[in-house]
Amino acid sequence: MQFSGKTVIITGAGKGIGRACAELMAARGAEVVALSRTMSDLESLKAEIGCRIVQVDLQDPKAARAAMAEAGTADYLINSAGINVLESTFDMSDDGYEAVMGINLRSALITCQEFARARRAAGGGGAIVNITSIAGHRGFTEHLCYAASKAGLEGATRVMAKELGPHNIRVNAVAPTITLTELAVEAWSDPAKSEPMMVRHPLGRFAEADHVAASIAMLLSDDCAMVTGAVLPIDGGFLAV
């Protein structure tokens, strides 16, 4: 799967899965437009792969739209930006809700909207992949707003697939299990916490960011030209048992 001559916008490109996507898409020939809140992450990524960079706080709707305008018309969009605030049903705060829903859901809808408008003006075509989570399918404690945001994005993915299909814009999502980014490695380093979760994966391991990036590249490619409205679990079989 090569992407020479194509442009991809990637949100949350500074770290984790988003950065893995940026590195893989650049390696396969795509021009990458990287969006992130942290300039140092963007600068190091630019030095590594030669991408265009846009610093933005996607929780701000006006800033999100301005960033997409700066990014310009692209062939693909990967929505990787996301956060989690660990709060239970009893402890949910207004600030936690606004942060999680604002970045995980609202900003993704805005970037999809602006991407689709630009693609329609360019004559159609293109593909979007939204990154959701198995937390949108199973109940994990202290993930109330996170689960709601990811389940909501999957529902929106199906709506967009239906509405954008006539413009030949495909929209899919991937739902990873625990993915061993730097933050996740720290969070799941305690065997007492990780092992009970690990045994629920038939493959017996968590995902790496590169696994997720490779699946996203597949969904963007012409190899999946008839795939839209799908949610692909990248979960080592977690949802199958």
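Details of the structure are given in the entry above.
Just so it is clear, the structure is predicted and the values come from calculations on it, not from any experiment.

Cut-offs used in this document
- Residues numbered from 1 in each chain as written.
- Predicted model: local features only at pLDDT ≥ 70, side-chain atom pairs only at ≥ 80, totals over all residues.
- Heavy atoms only, no water.
- Helix = DSSP H or I, 4+ residues; strand = E, 2+ residues; numbered from the N terminus.
- Rg over C-alpha atoms; globule rule 2.2 N^0.38 Å.
- Buried < 20%, exposed > 50% of the residue type's maximum accessible area, 1.4 Å probe, protein only.
- Areas by Shrake-Rupley, 256 points an atom, 1.4 Å probe, with all protein chains shown as cover.
- Lys, Arg positive; Asp, Glu negative; His and termini not counted.
- Charge placed at Lys NZ, Arg CZ, Asp CG, Glu CD.
- Expected span 1.5 Å × (residues − 1).
- Bend = angle between axes of the 7 residues up to and from the residue.
- Contact = heavy atoms within 4.5 Å.
- Phe/Tyr/Trp six-rings, centres within 6.5 Å; stacked < 30°, edge-to-face > 60°.

**Quick word on the overall build of the chain**
When its secondary structure is counted, the chain shows eight helices and seven strands. Relative to the 2.2 N^0.38 estimate, which gives 18 Å for 241 residues, the radius of gyration of the chain is 17 Å and therefore close to what a compact globule would have. Along the longest, intermediate and shortest principal axes, the C-alpha atoms of the chain span 50 × 40 × 40 Å. Looking at the chain as a whole, 48% of its 241 residues qualify as buried. For the chain, the accessible area works out to roughly 11300 Å², and carbon and sulfur atoms hold 53% of it. Averaging the positions of the 21 positive and the 27 negative side-chain charges in the chain gives two centres separated by 8 Å.

**A short note on helix α4 (residues 94-121)**
With 28 residues, α4 should cover 40 Å at 1.5 Å per step; its first-to-last C-alpha distance of 38 Å lies within 8% of that length. At Gly102, α4 shows its maximal kink, close to 45°. Directly after α4, the chain includes Gly123, whose backbone phi takes a positive value near 105°.

**Quick notes on the environment of Glu208**
Looking at the element boundaries, Glu208 is found in the loop between α7 (191-198) and α8 (209-220). Glu208 gets classed as partly exposed once you look at its relative accessible area, which sits at 36%. Sequence separation between Glu208 and Ile234 is 26 residues, and the spatial gap between their C-alpha atoms is 10.0 Å. Glu208 has contacts with Thr179 and Leu180, leaving out every residue within four places of it along the chain.

**A closer look at the packing of aromatic side chains**
One pass over the full model with this rule turns up two aromatic pairs. With a centroid separation of 5.5 Å and 85° between ring planes, the pair formed by Phe3 and Tyr76 is classed as edge-to-face. Separated by 73 residues along the polypeptide, Phe3 in the segment before β1 (7-11) and Tyr76 in strand β4 (residues 76-79) bring together distant segments of the chain. For the pair Phe3 and Tyr76, one class covers both residues: buried. On the numbers, 6.1 Å between centres and 35° between planes, the contact of Phe140 with Phe238 is tilted. Of this pair, Phe140 sits in the loop between β5 (127-131) and α5 (144-164) while Phe238 sits in the segment after β7 (231-234), and the two are 98 residues apart along the sequence. Judged by relative accessible area, Phe140 falls into the partly exposed class, the value being 23%. By relative accessible area, Phe238 is classed as buried at 2%.

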